[in-house]
Amino acid sequence: MKNLGMNDLRKSYIDFFGKEKGHTILKSFPLIPQNDESLLLINAGMAPLKQYFTGEKKIKNNRATSSQRCVRTGDIERVGKTERHGTYFEMLGNFSFGDYFKREAITWAYEFLTKKVEIDRNDLWVTVYLNDDEAYNIWKDEVGISPDRILRQDKDENFWELEVGPCGPCSEIYVDRGPDHAIDENDNAPGNDNSDRFLEIWNLVFTQFNKDIEGNYIPLAHPNIDTGMGLERIAMVVQQKDNIFEIDVMQDIISEIEKVSGVKYKENKKCDVSIRVIADHAKAMTFLVSDGIIPSNEKRGYVLRRLIRRAYRHGKLLGIKGEFLSQIVSEVIETYKVEYEELETNKDNIIKIITDEEERFQHTIDSGLERLNSLIDEMKKNGETVLDGSEAFKLYDTYGFPLDLTKEILNEENFDLDENKFSEEMENQRQLARNARKSDSGWSLDNIVTDGIDPTEFVGYDILKVEANISNIFDESENISSLNKGDKGIILSDRTSFYAQGGGQVADTGFIYNQGGKAKVTDVQKKNDVFFHSVEVVEGEIKTNQKYTFKVDQERRYDITRNHSATHLLDQALRDVLGDEITQAGSLVDENRLRFDFTYNESLTSEEKRKIEDIINKK
Ligand code: SER
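Quick caveat, the model's predicted, so the values are computed rather than measured.

Q: Just to check I follow, could you spell out the overall build of the protein for this structure?
A: Within the protein, the regular secondary structure consists of 17 helices and 23 strands. Here the C-alpha radius of gyration of the protein, 32 Å, is well above what a compact globule of 619 residues would show, namely 25 Å. Considered along the principal axes of its C-alpha atoms, the protein spans approximately 100 × 60 × 55 Å. Counting only residues that meet the buried cut, the protein has 50% of its 619 residues in that class. Expressed as a percentage of contacts within the protein between residues at least 6 apart in sequence, the contacts between residues at least 24 apart total 70%. Accessible surface, the protein as shown: approximately 29,900 Å² in total, 43% of it carbon and sulfur. Averaging the locations of the 82 positively and 114 negatively charged side chains of the protein gives two centres separated by 3 Å.

Q: Looking at this structure, how should I read the packing of helix α16 (residues 554-578) against helix α17 (residues 606-618)?
A: Between two packed helices, both the angle of their axes relative to each other and the distance between the axes serve to describe the pair. Look at α16 against α17: their axes get within 9 Å of each other, and the N-to-C directions meet at 135°. Taken together, α16 and α17 sit at an angle that is classed as oblique. Crossing handedness for the pair α16 and α17: right-handed. Every residue of α17 that contacts α16 at Leu569, Leu570, Ala573, Leu574, Asp576, Val577 and Leu578 is listed here: Glu608, Lys611, Ile612, Ile615 and Ile616. Grouping the amino acids of the contact of α16 with α17 by side-chain chemistry returns nine nonpolar, no polar and three charged.

Q: Help me understand the side chain of Lys283, please; the structure alone is not making it clear to me.
A: Here Lys283 shows up in helix α8 (residues 269-290). The residues touching Lys283, leaving out its near neighbours within four places in the chain, are Tyr88, Glu232, Met250, Ile253, Val332 and Tyr336.

Definitions and cut-offs
Residues numbered from 1 in each chain as written. Predicted model: local features only at pLDDT ≥ 70, side-chain atom pairs only at ≥ 80, totals over all residues. Heavy atoms only, no water. Helix = DSSP H or I, 4+ residues; strand = E, 2+ residues; numbered from the N terminus. Rg over C-alpha atoms; globule rule 2.2 N^0.38 Å. Buried < 20%, exposed > 50% of the residue type's maximum accessible area, 1.4 Å probe, protein only. Contact = heavy atoms within 4.5 Å. Areas by Shrake-Rupley, 256 points an atom, 1.4 Å probe, with all protein chains shown as cover. Lys, Arg positive; Asp, Glu negative; His and termini not counted. Charge placed at Lys NZ, Arg CZ, Asp CG, Glu CD. Axes fitted to C-alpha atoms, helices over the stretch in contact; angles between N-to-C directions. Parallel < 35°, antiparallel > 145°, perpendicular 65-115°, else oblique. Left-handed = near helix turned anticlockwise from the far one by under 90°. Nonpolar A, V, L, I, M, F, W, Y, C, P; charged D, E, K, R; others polar.

Here you go:
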């Protein structure tokens with residue numbers, strides 16, 4: 001085997017397919033998928049190329065090759081514990097868009113592995129899809145792999161697909177790393193997911209279908225090839241290392257972690273896991289931030305936040321005080337800038353975003369961890385193994401300590417969590433919040449059933465005063481026929497000019513009246529297009545089946561409208577100044593003021609605030 005460094009391996013692969021086999025060389029695409037709602041992050045070399053498989057886009061030669069950066073977090077809990085799991089990795093791939101098919105894909109893969117990397121052919125094992133005789137025969141007759149090393153596997157193992165998009169049966173290539181890596185004496189063929197002896201290095205997918213959102217497999221106009229080989233994994237094989245964290249490019253990153261923590265790698269198994277988690281997550285966070293993602297509570301931002309927080313916590317486990325990720329991330333940038341120049345250009349920004357998040361988390365984790373550790377001590381003392389869900393809820397609610405972290409820490413101690421109790425507490429709290437809202441307005445829509453009630457015609461966009469028939473009157477929950485002076489109740493009508501509360505905006509107020517009586521409207525709620533006017537009768541009597549004038553307080557409505565418009569101006573100005581990463585998280589609009597909640601990674605500077613005000617005032 002040739003002992004190649006990771007960067008040399010990448011180059012050797014790209015040269016082989018690019019120069020010798022006529023593939024167009026593509027640079028790695030960013031981790032944020034472009035025009036693809038089905039995917040959170042790029043997780044395979046083929047993911048940014050879907051349109052070439054379906055034929056919507058064309059590429060020179062109809063062949064391409066790349067080393068694509070990928071993030072997969074499905075196995076995040078296994079990172080650092082196994083020899084081969086990482087959240088960040090690069091995928092070497094060669095692709096055919098209706099050009100070559102199984103024969104070339106298989107024989108070239110074999111050629112690359114045995115000629116360029118010089119892996120011993122006797123160490124190779126392969127798998128094929130159950131009834132794929134074509135692939136089986138190519139491996140057996142043309143490549144000369146002995147039949148007892150060609151395994152046929154079912155759809156679970158040998159059919160590659162994402163949620164939607166191009167997919168098909170596949171053939172995987174494994175390297176036998178020798179009996180020293182076996183978990184027991186039966187571990188003598190690929191297929192044991194817990195073992196690191198037979199390492200899957202390359203997946204050749206015979207992409208023949210496009211899977212749609214309903215799960216139908218639609219045959220593609222032409223068959224394609226999508227192959228993917230983990231760069232770190234093949235580096236580990238050729239460098240004969242025990243795991244992906246020991247390959248050449250990881251050494252400086254690991255040394256930096258040793259330096260910062262004062263803990264030596266390979267002296268203590270538990271510490272090794274933490275060192276590897278930090279090394280892996282530092283790589284992932286560096287590339288995620290470089291590609292434009294900022295920590296948040298949603299989607300990609302949450303993936304990033306979780307990685308930063310996990311890495312930070314493992315730093316704590318190593319005894320590191322305060323924030324430290326900037327140092328590790330700098331080392332990642334040093335290591336990877338040969339291939340990814342943009343890391344150097346974005347360096348300051350990457351470090352700032354990660355450090356800000358670390359600082360924000362520091363307080364939460366310090367107090368939460370202290371509390372959780374003392375709970376764990378107590379459980380040990382009492383011989384208990386399941387943490388009370390209300391304690392986990394308290395950690396979450398009072399300390400802002402994430403539930404997944406609580407679970408993970410308990411897991412490390414072989415403890416469980418009573419999750420039902422946690423959910424119960426969560427529901428109790430929601431109920432309390434609902435009740436609080438209920439007592440504010442005196443009644444609640446929650447229990448009202450609108451079946452059989454006609455929807456109310458809303459005319460209030462530009463008509464503030466309208467004649468309407470009162471169809472129902474409720475006193476608390478009783479359906480009654482009239483309300484007298486001083487009474488409070490709820491009025492339903494065939495039409496209305498009153499805006500109901502909604503989308504953060506308060507309801508209109510005003511009066512409902514005719515010659516017989518007058519009621520003050522204090523609130524309006526809407527459910528299934530039925531409007532519920534909360535009223536207090538101020539004169540005479542209000543009765544069902546009579547016509548009334550519904551009149552909105554015009555001045556107040558106009559004040560609310562102006563604040564509503566200002567909310568839109570503010571939203572746009574924030575985007576103009578801070579960028580589209582901001583997300584609206586809520587708002588409140590009434591006659592006196594407005595409040596606009598949004599998520600953004602940092603506090604606004606005075607300069608930014610002034611710019612935002614200027615834009616709005618000008619408009
Ligand atoms: N798409 C396949 C995989 O991710 C091969 O590239 O394994």
